[in-house]
Amino acid sequence: MSGIIYADNAATTRLSRCALDAMMPFLTDDFGNPSTVYAPGRTAKKAVESARFKVAAAIGAKPEEIYFTAGGTESDNWAIKSTAALKKEKGKHIISTAIEHHAVLHTLQSLQKRGYEVTFLGVDRAGNISLEELRSAIRPDTILITVMTANNEIGTILPVKEIGEIAHEAGVLFHSDAVQAVGHIPINVAQMNIDLLSLSGHKFKGPKGVGALYVKKGLRLPSGMHGGAQERGLRSGTENVPGIVGLAAALEDAVTHIDANMTKVSVMRDALIKGLTKIPHSRLTGDPVNRLPGTASFVFECIEGESMVLLLDQNGICASSGSACSSGSLDPSHVLLAIGLPHEIAHGSLRLTINEDNTQEDIDTILEKMPRIIQRLRDMSPLWEEKNAEVK
Amino acid sequence: MYSEKVMDHFNNPRNVGELKDANGIGQVGNSVCGDIMKIFVKIEDGIVVDTSFKTFGCGAAIATSSMATELIKGKTVKEALRLSNKAVAEALDGLPPAKMHCSVLAEEGIKSAIEDYYKKQGIELETVLKADEE
Ligand SMILES: Cc1ncc(COP(=O)(O)O)c(C=O)c1O
Ligand SMILES: [Zn+2]
């Protein structure tokens, strides 16, 4: 990918050197199955347990509270469906938000079809929920509150600690999809009152297809996968040893450098925001202050997001959009609609997500190319023509 | 995801911009669904002598606008009216299934521009089509 400016780190990240180095032995010589008793098996087992220790340390959990999965989607599915099954005697009401990732949203919708009731809390323009509204949504039959730690499209960081407090006061379990947050902002499950937390390796420079679910000790979550009783019987299947090792190495590296990374990345993010909101009829989406260090997300009026992404690609820049035509449906993303953007404006969304491997030159190049790309699309847009006619 | 032809027409759109001496203009789609196409035609002696477009939309919308205008340029009005969205998609070496709806707009846009031309002559498109069948 030389010569390419990669600004879509919320989609996935490049595997870090330290993760690759940690994985390499387990892709080659140390190929043993962790369930076996002989030396290569023991080596693999040790590596998985050491990885569990590192992941636990990174999020303020105990090693026995970490279960490895095949990624964020599996962790979300498992957490929500198993809690629903576990608590169904108590009730069938779940509280969530209108801006969750599809891994949570579609899981909840599948439960709705099976007789569960879900309250989706609305959000304000910045993507924040009201804690008052959350409090009043809790009912005697509420069994779970699931709210993401940070949003993948607009970068808003939600008040997870306070949400956890409210959940626990009411005796309700609290799950958070922290896939976009872990490794990027400090997370401590104990301090943040979290009972279940989903994370995914490839969002913090670990490998794809591997993640983890944190399950607070004492919570008797039903098994997410039946079989050979790996992961203490809760998540069967021969462990993805290289993946697990790579995830842990990447996460350890991320949390070791989290302060320096956050500072470096947010300076570049703010330069993007400052530069791109200077373009007429553009605006930032998400919370202006409480946002992920690497997420710069916008809407540009009178143009469509996918065509922006394609022209950026022409210029060697990778970015993404939540527009309808890039999602394959007729509607722009549910997140952009939930923050109150009208359809026609939500179609013009663009998300640039950077990390510590980006450089100031990357930012300068993006800031140099974007105005021309936007002007080119506006010049061929009948909406832009109408907008200018109105002004005159 | 997109064919090379689609990318070529997206990156180097043909016939883009306003046609100053157009005698038929049609605009289809709406900003809620995400794609809007404005097609300009200049018709002389039953032939589309020139055409252009302005489009708000995704890569497929821009590429189909470009290809559709290419396909009707120099053709008779009858031929232009017969242009289907499938033909436009085929000329682009296909579109992803989720993007076929964008190509429908190109077909509709051309019909709408030609309809506008006839309307300005005091003729209903319906009667032209009927006369055609007979
Ligand atoms: C907030 C959020 N949750 C869940 C997921 C799914 O994670 P994975 O790709 O590891 O299944 C993603 C990734 O796109 C995400 O951004
Ligand atoms: Zn489209």
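Since the model is a prediction, treat every value here as computed from it, not as a measurement.

## Let's talk about the interface of chain B and chain A
Alright, step 1. With 29 residues of chain B in contact, the opposing surface of chain A contributes 24 residues.
Alright, step 2. Between chain B and chain A, roughly 2100 Å² of surface is buried when both sides are summed, and carbon and sulfur atoms account for 63% of that area.
Alright, step 3. Summed over the three residues of chain B that lose the most area to chain A, namely Phe10, Lys54 and Phe56 of chain B, the buried surface amounts to 27% of that side.
Alright, step 4. At the boundary of chain B and chain A, one finds 3 salt bridges.
Alright, step 5. A salt bridge links glutamate 306 of chain A to lysine 99 of chain B; the shortest N-O distance between them is 2.6 Å.
Alright, step 6. Taken together, the links from chain B to chain A amount to 10 residue pairs in polar contact (both at pLDDT 80 or more).
Alright, step 7. Elements with a contribution of two residues or more to the side of chain B that touches chain A: α1 (4–11), β2 (35–44), β3 (47–56), α2 (59–72) and α5 (100–120) of chain B.
Alright, step 8. When grouped by side-chain class, the residues that make up the side of chain B that touches chain A number 15 nonpolar, 9 polar and 5 charged.

## So, the site of ligand 1
Residues and elements named next belong to chain A.
Alright, step 1. Lining the immediate environment of ligand 1, one finds 13 residues, of which Thr73, Asp177, Gln180, Ser200 and Lys203 sit closest.
Alright, step 2. If ligand 1 stood free it would expose 400 Å²; the protein chains cover 85% of that surface.
Alright, step 3. Looking at the shell around ligand 1 element by element, the count peaks at 3 residues for helix α3 (residues 72–86).
Alright, step 4. Taken together, the residues that form the shell around ligand 1 break down as 2 nonpolar, 8 polar and 3 charged.

## Describing the pairing of strand β10 (residues 295–300) of chain A
All names here are of chain A.
Alright, step 1. The buried count for β10 comes to 6 of 6 residues, which makes it a mostly enclosed element.
Alright, step 2. On β10, burial covers both faces: Thr295, Ser297 and Val299 on one face and Ala296, Phe298 and Phe300 on the other are all buried.
Alright, step 3. Bridging between strand β9 (residues 282–284) and β10 involves 3 bridges; their strand directions are antiparallel. Following the sheet pairing, leucine 284 is matched in β10 by phenylalanine 298.
Alright, step 4. Relative to strand β12 (residues 349–353), β10 is paired through 5 bridges, and the arrangement is antiparallel.

## Details of the environment of lysine 75 of chain B
Residue and element names in this part refer to chain B.
Alright, step 1. Within the element layout of this structure, lysine 75 appears in the loop between α2 and α3 (77–81).
Alright, step 2. Along the sequence, lysine 75 and isoleucine 47 sit 28 residues apart, while their C-alpha atoms lie 5.7 Å from each other.
Alright, step 3. Sequence-distant contacts of lysine 75, that is, excluding residues within four places in its chain, are made with Gly46, Ile47 and Val48.
Alright, step 4. Of the polar contacts made by the side chain of lysine 75, one reaches the backbone oxygen of leucine 71; its length is 3.2 Å.

## Quick look at the confidence of the model for chain B
Alright, step 1. Confidence in the prediction of chain B, expressed as mean pLDDT, is 92, and 96% of residues score 70 or more.
Alright, step 2. Scoring of the predicted complex yields 0.95 for pTM and 0.93 for ipTM.

## Considering the nonpolar core
Alright, step 1. Membership of the largest hydrophobic core comes to 67 residues, with the highest contact counts inside it found for Phe300, Met308, Leu350, Leu352 and Met370 of chain A together with Ile114 of chain B.
Alright, step 2. Residues contacting leucine 350 of chain A, with those up to four places away along its chain left out, are Ala296, Ser297, Phe298, Phe300, Met308, Val309, Leu312, Ala319, Ser320 and Met370 of chain A.
Alright, step 3. Of all hydrophobic cores here, the second largest spans 63 residues; its members include Ala58, Leu134, Ile244 and Ala250 of chain A.

## A few points about the side chain of asparagine 151 of chain A
All names here are of chain A.
Alright, step 1. Looking at the element boundaries, asparagine 151 is found in the loop between β5 (142–146) and α6 (160–169).
Alright, step 2. Classification of asparagine 151 by relative accessible area gives buried; the value is 0%.
Alright, step 3. Only 2.9 Å separates the side chain of asparagine 151 from the backbone nitrogen of isoleucine 154, close enough to count as a polar contact.
Alright, step 4. In contact with asparagine 151, other than residues within four places in its own chain, are Ile99, Thr156, Leu292 and Val335.

## Comments concerning helix α2 (residues 39–59) of chain A
All names here are of chain A.
Alright, step 1. In this model, α2 (21 residues) spans 31 Å end to end at C-alpha, consistent with the 30 Å of a helix rising 1.5 Å per residue.
Alright, step 2. Of the positions making up α2, those classed as buried are Gly41, Ala44, Ala47, Val48, Ala51, Arg52, Val55, Ala56, Ala58 and Ile59.
Alright, step 3. Of the residues trailing α2, glycine 60 is marked for its positive phi of about 70°.

## Focus on the sheet that holds strand β8 (residues 211–215) of chain A
All names here are of chain A.
Alright, step 1. Pairing is mixed in the open sheet, where 7 strands are placed in the order β2-β8-β7-β6-β5-β3-β4. Whereas interior strands pair on both sides, the edge strands pair on one side only; in this sheet they are β2 (66–69) and β4 (117–121). When the angles between neighbouring strand axes are averaged without regard to direction, this sheet yields 20°.
Alright, step 2. The sheet contact formed by strand β3 (residues 93–97) and β5 spans 3 bridges and is parallel. Counted as the bridge partner of histidine 93 is threonine 142 from β5.
Alright, step 3. Against the sheet, α2 touches β2, β7 (196–200) and β8, its axis set at about 115° to β2.
Alright, step 4. Sitting on the sheet, α6 is in contact with β5 and β6 (173–177), with an inclination near 155° to β6.

## Concerning α1 of chain B
Alright, step 1. Listed as buried for α1 of chain B are Val6, Met7, His9, Phe10 and Asn11 of chain B.
Alright, step 2. Each element contacted by the buried residues of α1 of chain B is listed here: α9 (305–314) and α13 (360–379) of chain A together with α2 of chain B.

Rules used in this analysis
Residues numbered from 1 in each chain as written. Chains lettered and ligands numbered in written order. Predicted model: local features only at pLDDT ≥ 70, side-chain atom pairs only at ≥ 80, totals over all residues. Heavy atoms only, no water. Contact = heavy atoms within 4.5 Å. Buried area = accessible area lost by both parts, 1.4 Å probe. Salt bridge = Lys/Arg side-chain N within 4 Å of Asp/Glu carboxyl O. Polar contact = N/O pair within 3.5 Å; in protein donor to acceptor, adjacent residues only side chain to side chain. Helix = DSSP H or I, 4+ residues; strand = E, 2+ residues; numbered from the N terminus. Nonpolar A, V, L, I, M, F, W, Y, C, P; charged D, E, K, R; others polar. Near = heavy atom within 4 Å. Areas by Shrake-Rupley, 256 points an atom, 1.4 Å probe, with all protein chains shown as cover. Buried < 20%, exposed > 50% of the residue type's maximum accessible area, 1.4 Å probe, protein only. Pairing = 2+ DSSP bridges. pLDDT = per-residue confidence, 0-100. Core = buried A, V, L, I, M, F, W, Y, C linked by side-chain atoms within 4.5 Å. Expected span 1.5 Å × (residues − 1). Axes fitted to C-alpha atoms, helices over the stretch in contact; angles between N-to-C directions.

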